[in-house]
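Here's the letter readout for the chains.
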Amino acid sequence: MEFIEPEIKYALNLLLKERAIERMEKIGNVWIGPDISLEKKVIIPPLATVRNINIVVSKSDLPPIEIDRGTFSALRWSVRSCHAQSGTDIIFHHSNLSDEMIKDISDGKSVSIPVDIMSVLDRPVELEGNIMRFFWVNEINRLRHEKLREVVGKELIIDGKEGTDWSYGDSTEITEKGKYPNEYYKDLCLVISLKEKYHIPPSTEILKVNSKKDLPNVLQKIPVGEKAYFSVGETVNVKFGKNIVGVLVARGYEQGIHLYSPLIDSGFEGPIRTETLFGLKELDLYIYKK
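Only a predicted model underlies this, so the values are computations on that prediction, with no experimental measurement involved.

Novice: Please clarify how the sheet that holds strand E14 (residues 207-208) should be interpreted in this entry.
Specialist: Pairing between sheet strands relies on hydrogen bonds along the backbone, with the strands arranged either parallel or antiparallel. Taken together, three strands build an open sheet; the order of strands is E3-E8-E14 and the sheet is mixed. The open sheet has two free edges, formed respectively by strand E3 (42-44) and E14, since each of these has just one partner strand. Here two bridges tie strand E8 (residues 125-127) to E14, and the two strands are oriented parallel to one another. By the bridge assignment, glutamate 126 is partnered in E14 with lysine 208.

Novice: Just checking my understanding: could you explain the sheet that holds strand E21 (residues 282-289) for this structure?
Specialist: Sheet architecture is open: five strands sit in the order E11-E12-E21-E17-E19, paired in antiparallel fashion. Every interior strand has two partners, whereas the edge strands, strand E11 (166-169) and strand E19 (263-264), have only one. In terms of strand pairing, strand E17 (residues 244-249) meets E21 through six bridges, oriented antiparallel. Within E21, the residue paired with glycine 246 across the bridge is isoleucine 287.

Novice: Got a minute to help me understand the nonpolar core in this structure?
Specialist: Most often, soluble globular proteins keep nonpolar side chains buried together rather than apart. Judged by nonpolar contacts, the single largest core of 47 residues is most densely connected at Ile55 and Phe134. Here isoleucine 55 is in contact with Ile36, Ser37, Leu38, Glu39, Val111, Ser112, Ile113, Val115, Ile131 and Met132, once residues within four sequence places are set aside. By size, the runner-up hydrophobic cluster in this structure holds 22 residues, among which are Tyr168, Leu194, Val236 and Ile272.

Novice: Just to check I follow, could you spell out a nonpolar patch on the surface for this structure?
Specialist: Taken together, Leu47, Tyr229 and Phe278 make up a surface patch of nonpolar side chains, about 330 Å² in accessible area. Checked against the element boundaries, leucine 47 lands in the loop between E3 and strand E4 (49-57).

Novice: It is not clear to me how the packing of aromatic side chains should be interpreted in this structure. Could you clarify?
Specialist: One pair of aromatic rings is described through two measures. These are the centre distance and the angle between the planes. One pass over the full model with this rule turns up eight aromatic pairs. Ring geometry for tryptophan 77 versus phenylalanine 92: centroids 6.0 Å apart, planes at 75°, classification edge-to-face. Separated by 15 residues along the polypeptide, tryptophan 77 in strand E5 (residues 76-79) and phenylalanine 92 in the loop between strand E6 (88-91) and helix H4 (99-106) bring together distant segments of the chain. Of the two residues, tryptophan 77 and phenylalanine 92, neither departs from the other in class, the shared state being buried. Geometrically, the ring pair formed by tyrosine 229 and phenylalanine 278 is edge-to-face, given 5.3 Å between the ring centres and 75° between the ring planes. One end of the pair, tyrosine 229, is in the loop between strand E15 (220-221) and strand E16 (230-240); the other, phenylalanine 278, is in the loop between strand E20 (269-277) and E21, and 49 residues separate them in sequence. The exposure class of phenylalanine 278 is partly exposed, given its relative accessible area of 49%. A cation sits over an aromatic face here: arginine 142 above tyrosine 286, 3.8 Å from the ring centre. In this structure, arginine 149 is placed above the aromatic ring of tyrosine 168, and the distance from its NZ or CZ to the ring centre is 3.8 Å.

Novice: I'm lost on the environment of proline 271 in this one. Help?
Specialist: With respect to the helices, strands and loops of the structure, proline 271 is situated in strand E20. Take proline 271: its relative accessible area is 29%, and that puts it in the partly exposed class. Residues within four places of proline 271 in sequence aside, it is in contact with Glu234, Thr235, Val236 and Asn237.

Novice: When you look at the pattern of salt bridges in this model, what are you seeing that I'm missing?
Specialist: Pairing between side chains becomes possible if they bear opposite charge and their charged atoms approach one another. Evaluation of the coordinates by the stated rule reveals 16 salt bridges. For aspartate 104, the salt bridge goes to lysine 109, with nearest N and O atoms at 3.7 Å. Notably, a salt bridge pairs lysine 197 with glutamate 234, separated by 3.4 Å at the nearest N-O pair. Of the two residues, lysine 197 sits in strand E13 (residues 195-199) while glutamate 234 sits in strand E16, which places them 37 residues apart along the sequence. In the salt-bridge network here, residues are joined through shared partners; they are Arg23, Glu66 and Asp68.

Novice: Explain unusual backbone geometry to me, please; I cannot follow it from the model alone.
Specialist: Keep in mind that most residues, glycine aside, have a negative phi and that most peptide bonds are trans. Residue leucine 47 is not a glycine yet carries a positive backbone phi of 50°. Even without glycine at this site, phenylalanine 278 takes up a positive phi of about 65°.

Novice: Whenever I open this one, helix H1 (residues 5-25) confuses me. Can you help?
Specialist: Note: α-helices contain 3.6 residues per turn, so residues at a spacing of three or four share the same orientation. Its 21 residues place the ends of H1 30 Å apart at the C-alpha level, agreeing with the 30 Å of an ideal helix rising 1.5 Å per residue. Taken as a whole, H1 has its buried residues at Ala20, Arg23 and Met24. Looking down the long axis of H1, one finds its buried residues gathered within 95° of arc, a one-sided arrangement. Within H1, the exposed residues directed more than 90 degrees away from the buried face are Glu7 and Tyr10. Packed against the buried residues of H1 are strand E1 (30-32), helix H2 (69-74) and strand E9 (130-137).

Novice: What's the story with the environment of aspartate 265 in this structure? I'm lost.
Specialist: Along the chain, aspartate 265 falls in the loop between E19 and E20. With 19 residues separating them along the chain, aspartate 265 and aspartate 284 place their C-alpha atoms 16 Å apart. Those residues in contact with aspartate 265 that sit more than four places away from it in its chain are Ile32, Arg133, Phe240 and Ile244. At 2.6 Å, the side chain of aspartate 265 forms a polar contact with the side chain of arginine 133.

How each quantity is defined
- All residue numbers refer to positions counted from 1 along the written sequence of the respective chain.
- This being a predicted model, a pLDDT of at least 70 is required before a residue's local features are given, and a value of 80 or more before pairs of side-chain atoms are given or counted; all residues contribute to the totals for chains, interfaces and linings.
- The side-chain numbers reported here are obtained from all heavy atoms of the structure, hydrogens and water having been left aside.
- The rule for pairing is simple: two strands pair if DSSP sees at least two bridges between them.
- We count a stretch as a helix when DSSP gives it H or I for four or more residues in a row; a strand needs E for two or more, and each element gets its number in order from the N terminus.
- As used here, the term nonpolar core means buried Ala, Val, Leu, Ile, Met, Phe, Trp, Tyr and Cys residues forming a set that is joined through side-chain atoms within 4.5 Å.
- Throughout, exposure labels follow a simple rule: accessible area from a 1.4 Å probe, protein chains only, divided by the maximum for the residue type, with under 20% read as buried, over 50% as exposed, and the rest as partly exposed.
- The contact criterion used is simple: two residues touch if any of their non-hydrogen atoms lie within 4.5 Å.
- Patches here are clusters of residues that have more than 30% relative accessible area and form no salt bridge, with a 9 Å joining cutoff for like charges and a 5 Å cutoff for nonpolar side chains (Val, Leu, Ile, Met, Phe, Trp, Tyr).
- The protein chains shown are the only cover counted for residues, whose accessible areas, like all others here, come from Shrake-Rupley with a 1.4 Å probe.
- Any carboxyl oxygen of Asp or Glu that lies within 4 Å of a side-chain nitrogen of Lys or Arg is treated as forming a salt bridge with it.
- Aromatic rings from Phe, Tyr and Trp, with only the six-membered ring used for Trp, were paired whenever their centres fell within 6.5 Å, and each pair was classed as stacked if the ring planes differed by under 30 degrees, edge-to-face if by over 60, and tilted otherwise.
- We call a charge positioned above a ring when the Lys NZ or Arg CZ atom is no farther than 6 Å from the ring centre and deviates by at most 35 degrees from the ring normal.
- By this rule, a helix spans an expected 1.5 Å times one less than how many residues it contains.
- By definition, the arc is the one covered by directions from the helix axis to the C-beta atoms.
- In protein, a polar contact means a hydrogen-donor-capable atom and an acceptor-capable atom, both N or O and within 3.5 Å, with residues adjacent in sequence counting only if both atoms are side-chain atoms; elsewhere, any N or O pair within 3.5 Å suffices.

Structure, rendered in structure tokens:
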């Protein structure tokens, strides 16, 4: 039985996730939760990961569906931009939740649940208050092909030059002649170029950032000719319509890493700030319509 039980557990979790997605699909293509707070103030050492730091989660932080393990498995999360820009990354493992925790949340209680918090800065970082939020987007209805082209220039405005500052992203599945087998493989997303602009130099002083207003005091322009392990970049100006939501996606570790702060809200206007490791030059931008 000990060899069968993990397979049964995996199959059950997969089934619960699929059922949660079915419930999510009924409430729309996009769901975004409110900010979730840390249980208490914490200091993350330089270039370190601290495990089992508690965030406080209640039913109001989750979608209005039946709450079970599948709900947490189906959800994604996004670190607050001000914290991501100050080098903070969060990893949430739904497997760390006990059945009792999930039941208490479902019953309306506020529950402390563990996450791992990593700092990619070479200086200590103090964190408190709101830190992240859960969200869900319907991948089946992600804007692709002609539907994606229909919103660009209308409900989604991108400054800059197509082919230089941004482009339509195609699949790598091409024929031997270098052509796509059919239109299904074209215009799957937007590819948006990044310009490395800022970094946070090493220091022994504890860094504390509570809002974007604090960032100009700590972010410094990367000196010409220098490379930064962690950098905050910017895209050209973009403008999201009231029904358009974006999610940034790094293509793979071999090209660089983007921290877990991918969500771009509807109504956003300005350059998108990005938080990347290893000099990432571009990101896929997935577009969803509410």
